[in-house]
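Working through the structure, step by step
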Amino acid sequence: MAAEPELDTGPMRLTDFWQRMADHFGEGYADSFARDHVMSELGGRTVSEALDAGWDAKEIWRTVCAVMDVPAEKR
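Criteria and thresholds
- Residues numbered from 1 in each chain as written.
- Predicted model: local features only at pLDDT ≥ 70, side-chain atom pairs only at ≥ 80, totals over all residues.
- Heavy atoms only, no water.
- Helix = DSSP H or I, 4+ residues; strand = E, 2+ residues; numbered from the N terminus.
- Polar contact = N/O pair within 3.5 Å; in protein donor to acceptor, adjacent residues only side chain to side chain.
- Contact = heavy atoms within 4.5 Å.
- Salt bridge = Lys/Arg side-chain N within 4 Å of Asp/Glu carboxyl O.
- Buried < 20%, exposed > 50% of the residue type's maximum accessible area, 1.4 Å probe, protein only.
- Expected span 1.5 Å × (residues − 1).
- Arc of directions from axis to C-beta.

Of note, Thr63 is situated in helix 4 (residues 57-67). A distance of 2.9 Å separates a polar atom in the side chain of Thr63 from the backbone oxygen of Glu59. Leaving out residues up to four positions away in the same chain, Thr63 has contacts with Met39, Glu41 and Leu42.

A few words now on the pattern of salt bridges. Taken as a whole, this structure holds one salt bridge when the rule is applied. The shortest N-O distance in the salt bridge between Asp31 and Arg35 comes to 2.2 Å. Highlighted residues: Asp31 and Arg35, both in helix 2 (residues 27-36), separated by four residues, approximately one helical turn. Overall, Arg35 belongs to the partly exposed group, its relative accessible area being 44%.

Attention now moves to helix 1 (residues 14-25). Along an α-helix, residues three or four positions apart point the same way, because every turn accommodates 3.6 residues. With twelve residues, helix 1 should cover 16 Å at 1.5 Å per step; its first-to-last C-alpha distance of 16 Å lies within 8% of that length. Within the span of helix 1, buried status applies to Phe17, Met21, Ala22 and Phe25. For helix 1, the angular spread of the buried residues around the axis is 130°, confining them to a single face. Residues of helix 1 that are buried in the fold lie against helix 2, helix 3 (47-52) and helix 4. Positioned one or two residues after helix 1, Gly26 has a phi angle of 95°, which is positive.

Looking at where Ser48 falls in the secondary structure, it is placed in helix 3. Ignoring anything within four residues of it in the chain, the contact list for Ser48 reads Trp18, Ala34 and Arg35.

Purely geometric stuff here, so don't read any function into it on its own.
Right, here's the structure in full:
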């Protein structure tokens, strides 16, 4: 019987969040995307605004992944 993969249910550190953003969007564009791209899925906020408002980094990353079609291996 194959082992089931462990689910990552813990919180995401902001350093991990920003590293994933940079890995997907590139160093320069990750910050620009976070500041400028308003997402209805984040309540009409940008990534930066959602983080400032106290949203969970993991939830924001999952939203970015879903909206921007981030490949599964980068999620």
